[in-house]
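Single-letter residue listing:
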Amino acid sequence: MARWIVNSLPLLLLLIAGSQQARLISPPVDEFKQLETKGDQSLVRYIEPRADNNSVDNYRLPNNTVPISYNVELWTEVHKGTRNFSGVVKIDIQVVEDTKMITLHYRQISSFNATIQSKDSLSSQPIAVVGSTETTREFLILTHTDTLKAGSNWTVTINYTSQLRLDMGGFYISSYTDDNGAVHYLATTQFESTNARHAFPCYDEPAKRANFTITIHHDPSYTAICNMPVDVAKSSSGITAFQTTPRMSTYLIAFIVSDFESTGGELNGLPQRVFSRKGRQSEQEWALWSGLVVESSLAKYFGVPFALPKLDQAGIPDFSAGAMENWGLATYREQYMWWTKESSTINQKTNIANIIGHEYTHMWFGDLVSIKWWTYLWLKEGFATLYSYESNDIAFPEWDTYQIFHVSDYYSALINDASLSTPMSHYVQTPSEISNRYGTISYAKPASVLYMLKNAFTDAVFRRGLELYLKKHQFNSTDEWDLFASLQNAADELSLKLPFSVADIFSSWSTQVGFPLLTVQRNYDAGTFSVTQQRFLNNKTTVNTDTWYVPINYATASSPDYRQTKASHYLPKVKEHTISDVKIASSDWLLLNKQSTGFYRILYDERNYRLIAQGLRDRPYDFHTRNRAQLMHDAYRFVDTGRISHSILLDLMSYLRNENQYAPWSTANSILNIYDTYLRGDANYAHFREFVIELVEDIFVKLGVNEIPGEHYLNNYLRVILVSLACQVGSTECYKQSHTKLQQYLQDGVVIEPTLRNQAYCAGLRQAEDTTFDLVLKTLFASTDDSDRSFYISALGCLQNASQLKKFFESSLDMSNSLRTFERTSLLDTAHSRGEIGLTASLDFLDANWKAYGDLNPNEKPLDDVLRRIAGSVVSESQKNRLNALVAKIKANGAGYLKDNTETSVQNAMKSNFDWLDVHRQPIMDWLAVYRRNGSSSLSASLFVVLAALVSLLCHGFN
């Protein structure tokens, strides 16, 4: 035994040697994109809170008058493409404080005149008022000569003209071109957050709810739709009047004047329709069906029926917001509404249902109950984000949609909230400040916090709290404290005993930035553990004292039960806390955060990490799917920030040969792609390739490259990852199957499933015969579809044959083919980032043709651009020397093709890559060398556990 220990010490030292790690770049997490982009993301920055102080810098409306109802009448001739429109708005108001001025919002409205008329006297007459504008704050100020007394009621009438906007905001013009080349115009709206004031002067703040009656004059060949059903008695040809809405916020009003066609259905007495351009009705069915079942799922879950008599969806050709929850008329980019089994991917199917779930959740959170101010944007967007998944989980339980949530919004929140940011609740005033709130802090983070508390409190308590909240505050506006109160009432009602109040727990997450890093230190002798908390930041040296009320639970090797996600303990808002009412065997692994429902990262001591890694290899399904994913994601971040060694991360990942679920493989794929990018130029790159192939081969062979009828829904997602990863690292089996799949399509017409089209072409072309390559290139030249052309160009970049790549690149210089200028300068980019063969071929091509390439579009300097991008793919000395020589050659013979700082930029990009390699290459390659010698990492992990146990016994013996 003594000899065995001594001989094993070098291996133990090797495991410890990688503990000093520098920063690693972020993995390209497979994120489900945030489809709503209602704010200008270019404005995002840190904004200090601002007080509502009634000064000239205060953008809030004064509270001396409030709206009761609006009657809006509009005239448009958009059917002719005419942008001019006119309107009359009549606003019934009540005076709250004595005043001579009525202040409204307006934007880009001209030629207005206004009157007011008392509603308290039957004999009153309209009185002209003086109107003035304040453009900075977009105030329209109507001044009366006499004081309007508190409690009095008035009707404000404003006639005005304006133009349909061109920027997809407010009341704007859009268009589409049909299959015959004819242009069809339409007028539509996007009012969130401060654009209703463009369509009609109004009190454009979310808490100033009122009733709205809308009438639209339009060409009889067009139809108009709005939030409410048509008021048939008041409508006629070319005049569409709508029923009056309940009390609602201005930004939720919507109307569309178009020649759209619709598909309709009804479930539980609620009629629903889907509108979009003519000729696409056959593609509306999935959006309609998803809308029907998602609305039903939400109404049942919340215990509150949908409040309006109908619910429509519309796909808009030009729609920058992505999607919008207008009450009773949700609007989307049209591509988010269309799906067919024959031509659309599984991802598109999921995304449509998910975004419908998001917008339909808003019908309760944001519409039925609105926010008092944009400070609490998360109070609607966080719920909409979370319940887009929950509604899909109810409607389509076979999807296991929370795996998608985990690797998308949950990961996004963890990554983005690890740097300087703002709290979920954060005061803003100006339109640009409000726009800044539309991001991770208002969507993904609150969704993750809500999901944590939904599990910690139990779904029953949380669900009851939401029902109380919605019923108490329907048709009104709230802040976060109203939500906290309802959840507390539900906890009390259902006898949930909490060590702290809901308000204390929840506000510790909503009113301070960031999230906690929980550092777990086990007492292996006593069977207890302590938890230290501080804010997780990418820079681990940053000192912070932030703490939270943190719900936790745990599983162990002896009790791997994940059914109950209720919090077993709550960490108080202190730096360190010991969990002493437990007894965990020293040989058991300990895992906090069952199902990874808590919004925090967890750092374990090294001994526990090794126990977990061995447990993953021996019994991987003793760990919940999302926990398996999170262990890798956290460990990667800890390597990223220098908190643990590569050896721990790679040891954890070595179990993947037994993994068959999407979320863990999605996480692993991101990490392995980063490693592959940097290591592909290494002399021992084959060691890494063999490691990845060993991990991926069994599950790849099981799933293959073809969809299997009746398989688990997420296998469609998983297969895409496996094909891409396996072929990327050179799996012979992947090359073989992918080549066969592409040949079967090109030669025999066997259809490629839409979800796998990208992978089938890219992987199939890696070892393509010249005839296959020539056919795909010819197909590119013949295609007239922009998206197909882009697809073929990207696929051809996967080629791994130097002569084929040469011919592909040379087509960029052949003016007899159909390539457009921007396509010609994109070919190299599809290849140099995909591996050493593509990079070498790119350098060979430019070395021989740099002048001709630079002449493709001299004004844009395409040669300069591609050299900078290629520099980002250089990861070996030979590549570096070749690129340096090429830049020097061009600089000496054609400096005009380059910008002044090209050489510096190229050097900086390459230096960044080599800096990474200087820090990370050796620990990774050392671990892989040990792995290769042992055949697996199980020996190294077993040695660590045994040695740690022996050290513990020895130390115990000396005491």
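Sequence order sets the numbering: in each chain, residues are counted from 1 along the sequence as written. In keeping with the model being predicted, local features are shown solely for residues with a pLDDT of at least 70 and side-chain atom pairs are shown and tallied solely at 80 or more, while totals for entire chains, interfaces and linings include all residues. As a rule here, side-chain values cover all heavy atoms of the structure and leave hydrogens and water aside.

An unreviewed UniProt entry lists the chain under the name Aminopeptidase, from Drosophila arizonae. UniProt positions are given in the numbering used here, feature names are shortened, and annotations may be inferred rather than shown by experiment. Within the UniProt record for the chain, the comment given under Subcellular location (unreviewed entry) is "Cell membrane". In its Sequence similarities (unreviewed entry) section, the UniProt entry covering the chain states "Belongs to the peptidase M1 family."

(A) Layout of the overall build of the chain. The secondary structure listing takes helices from DSSP runs of H or I that are at least 4 residues long and strands from runs of E that are at least 2 residues long, numbered from the N terminus. Scanning the chain for helices and strands turns up 29 helices and 29 strands. Along the first, second and third principal axes, the C-alpha atoms of the chain reach 110 × 80 × 55 Å. Relative accessible area decides the class of each residue, using a 1.4 Å probe on protein chains only: under 20% of the type maximum gives buried, over 50% gives exposed, and in between gives partly exposed. For the chain, with 959 residues in total, the buried portion stands at 60%. Should any heavy atoms of two residues lie within 4.5 Å, those residues are counted as being in contact. Pairs at least 24 residues apart make up 74% of the contacts formed inside the chain by residues separated by at least 6 positions. Each accessible area is a Shrake-Rupley result for a 1.4 Å probe, and residues are judged covered by the shown protein chains and nothing else. If you sum the accessible surface of the chain, you get close to 36400 Å²; carbon and sulfur atoms cover 50% of it. Positive residues here are Lys and Arg, negative ones are Asp and Glu, while His and the chain termini are left out of the count. To locate a charge, take atom NZ for lysine, CZ for arginine, CG for aspartate or CD for glutamate. The averaged location of the 101 negative side-chain charges in the chain is 3 Å from the averaged location of its 87 positive side-chain charges.

(B) Inspection of the packing of helix α5 (residues 378-395) against helix α6 (residues 401-416) at higher detail. At a minimum axis distance of 9 Å, the contact between α5 and α6 shows a crossing angle of 160°. As far as their axial angle goes, α6 and α5 are roughly antiparallel. As for the relative orientation of α5 and α6, their crossing is right-handed in sense. Contacts between α5 and α6 pair T385, L386, Y389, E390, N392 and D393 from the former with T401, Y402, I404, F405, S408 and D409 from the latter. Looking at the contact of α5 with α6 residue by residue, the classes come out as 5 nonpolar, 4 polar and 3 charged. Helix axes are fitted to C-alpha atoms over the stretch in contact, other axes to C-alpha atoms as well, and angles between N-to-C directions run from 0 to 180 degrees. Should an angle fall under 35 degrees it is taken as roughly parallel, and over 145 as roughly antiparallel, whereas 65 to 115 is taken as roughly perpendicular and any remaining angle as oblique. Crossings are classed by handedness, with left-handed meaning an anticlockwise turn of the near helix from the far one by less than a right angle and right-handed meaning a clockwise turn. Just so you know the grouping, Ala, Val, Leu, Ile, Met, Phe, Trp, Tyr, Cys and Pro go in nonpolar, Asp, Glu, Lys and Arg go in charged, and all remaining residues, Gly too, go in polar.

(C) Structural view of the pairing of strand β23 (residues 528-535). The element β23 is largely enclosed, with a buried count of 6 among its 8 residues. What makes two strands pair is DSSP finding at least two bridges between them. In sequence, strand β22 (residues 516-523) turns back onto β23 through a hairpin of 4 residues, with G527 there showing a positive phi of about 80°.

(D) Examining unusual backbone geometry more closely. Following E192, the chain continues to S193 via a peptide bond in cis, the omega torsion being 5°. With respect to the element layout, S193 can be found in the loop between β10 (183-190) and α2 (196-199). Here E138, not a glycine, exhibits a phi torsion of approximately 55°, which is positive. Structurally, E138 is set in the loop between β6 (130-134) and β7 (139-148). Of the residues examined, E138 reaches a relative accessible area of 14% and is grouped as buried. One non-glycine residue, Q595, adopts positive backbone phi at about 65°. Counting through the fold element by element, Q595 comes out in the loop between β28 (590-592) and β29 (601-604).

(E) Examining the packing of aromatic side chains more closely. Two rings from Phe, Tyr or Trp (for Trp, the six-membered ring) form a pair when their centres sit within 6.5 Å of each other. Planes less than 30 degrees apart are called stacked, planes more than 60 degrees apart edge-to-face, and all others tilted. This structure, assessed with the given rule, holds 60 aromatic pairs. Summarising the aromatic geometry, the rings of W399 and Y713 are spaced 4.7 Å apart at their centres and angled 15° between planes, so their arrangement reads as stacked. Separated by 314 residues along the polypeptide, W399 in the loop between α5 and α6 and Y713 in the loop between α16 (685-703) and α17 (715-728) bring together distant segments of the chain. The burial state of W399 is the same as that of Y713; both residues are buried. Note on Y662 and Y717: the rings are 5.3 Å apart at their centroids and 65° apart in plane angle, and the pair reads as edge-to-face. Of this pair, Y662 sits in helix α15 (residues 662-679) while Y717 sits in helix α17, and the two are 55 residues apart along the sequence.

(F) Structural view of the state of the cysteines. Disulfide: a pair of cysteine sulfur atoms within 2.5 Å of each other. Evaluated as defined, the whole model comprises 2 disulfides. Note on cysteine connectivity: C727 is disulfide-linked to C734, with sulfurs 2.0 Å apart. With the S-S bond torsion at -100°, the cross-link from C727 to C734 turns out left-handed. Each sulfur in the disulfide pair C762 and C798 lies 1.9 Å from the other. When the S-S torsion is -100°, as for the bridge of C762 with C798, the disulfide is left-handed. In this pair, C762 sits in helix α19 (residues 757-764) while C798 sits in the loop between α21 (786-796) and α22 (802-810), placing the two residues 36 residues apart along the sequence. For C762, a relative accessible area of 14% puts it in the buried group. Disulfides within the chain link the bonded cysteines, taken in sequence order, as 1-2, 3-4. There is no disulfide at C202, and the cysteine sulfur nearest it, in C226, is 14 Å away. With a relative accessible area of 0%, C202 lands in the buried category. In this structure C226 comes out as buried when scored by relative accessible area, which is 2%.

(G) Just the sheet that holds β29, in detail. Spatially, β27-β23-β22-β29 is the arrangement adopted by the 4 strands of the open sheet, whose pairing is mixed. Two strands close off the open sheet at either side, each with one partner strand: β27 (576-579) and β29. Taking each pair of neighbouring strands and ignoring which way they run, the sheet shows an average axis angle of 25°. Note that β22 and β23 share 8 bridges and pair antiparallel.

(H) Broad picture of helix α25 (residues 836-854). Multiplying one less than the number of residues by 1.5 Å gives the expected span of a helix. Helix length check: α25 (19 residues) gives 23 Å between terminal C-alpha atoms against 27 Å at 1.5 Å per residue, more than 12% under. Where α25 bends most, at A848, the angle is about 75°. Of all the residues in α25, the buried ones are G838, L839, A841, S842, L843, F845, L846, W850, Y853 and G854. Tucked into the core, α25 has its buried residues touching α22, α23 (821-824), α24 (829-832), α26 (862-871) and α27 (877-893). Here the bend at a residue is taken as the angle between two axes, fitted respectively to the seven residues that end there and the seven that start there.

(I) Representation of the packing of α15 against α17 in the model. Between α15 and α17, whose axes approach to 10 Å, the crossing angle comes to 25°. With respect to α17, the axis of α15 lies roughly parallel. Note that α15 runs across α17; the crossing there is left-handed. For the pair α15 and α17, contact is made by Y662, W665, S666, N669, L672, N673 and D676 and by Y717, L718, I721, L722, L725 and Q728, respectively.

(J) Fine view of the environment of S162. Mapped onto the elements, S162 comes out in strand β8 (residues 153-163). Measuring from C-alpha to C-alpha, the distance between S162 and E359 comes to 29 Å, with 197 residues separating the pair along the chain. Ignoring any residue separated from it by four or fewer positions in sequence, one finds S162 in contact with R83, N84, F85, Q108, I109 and H198. The definition of a polar contact used here is a pair of N or O atoms within 3.5 Å, where within protein one atom must be able to donate a hydrogen and the other to accept one, and adjacent residues in sequence count solely through side-chain atom pairs. Among the polar contacts made by the side chain of S162, one reaches the main-chain carbonyl oxygen of Q108 at a distance of 2.7 Å. Only 3.5 Å separates the side chain of S162 from the side chain of H198, close enough to count as a polar contact.

(K) Up close: the layout of surface pockets. Reported here for the second largest pocket is a volume of approximately 450 Å³. If you go around the second largest pocket, you meet 19 residues; those closest to its centre are K341, I346, E707, N716 and E753. Per-class residue counts for the lining of the second largest pocket are 8 nonpolar, 5 polar and 6 charged. Residues are said to line a cavity or pocket when one of their atoms sits within 4 Å of a point; the points come from a 1 Å grid over protein atoms alone, cavities being sets where a 1.4 Å probe fits but cannot get out and pockets being open sets with protein on both sides within 12 Å along at least five of seven lines. Grid points are joined across faces, edges and corners, and a volume is the space filled by probe spheres set on the points.

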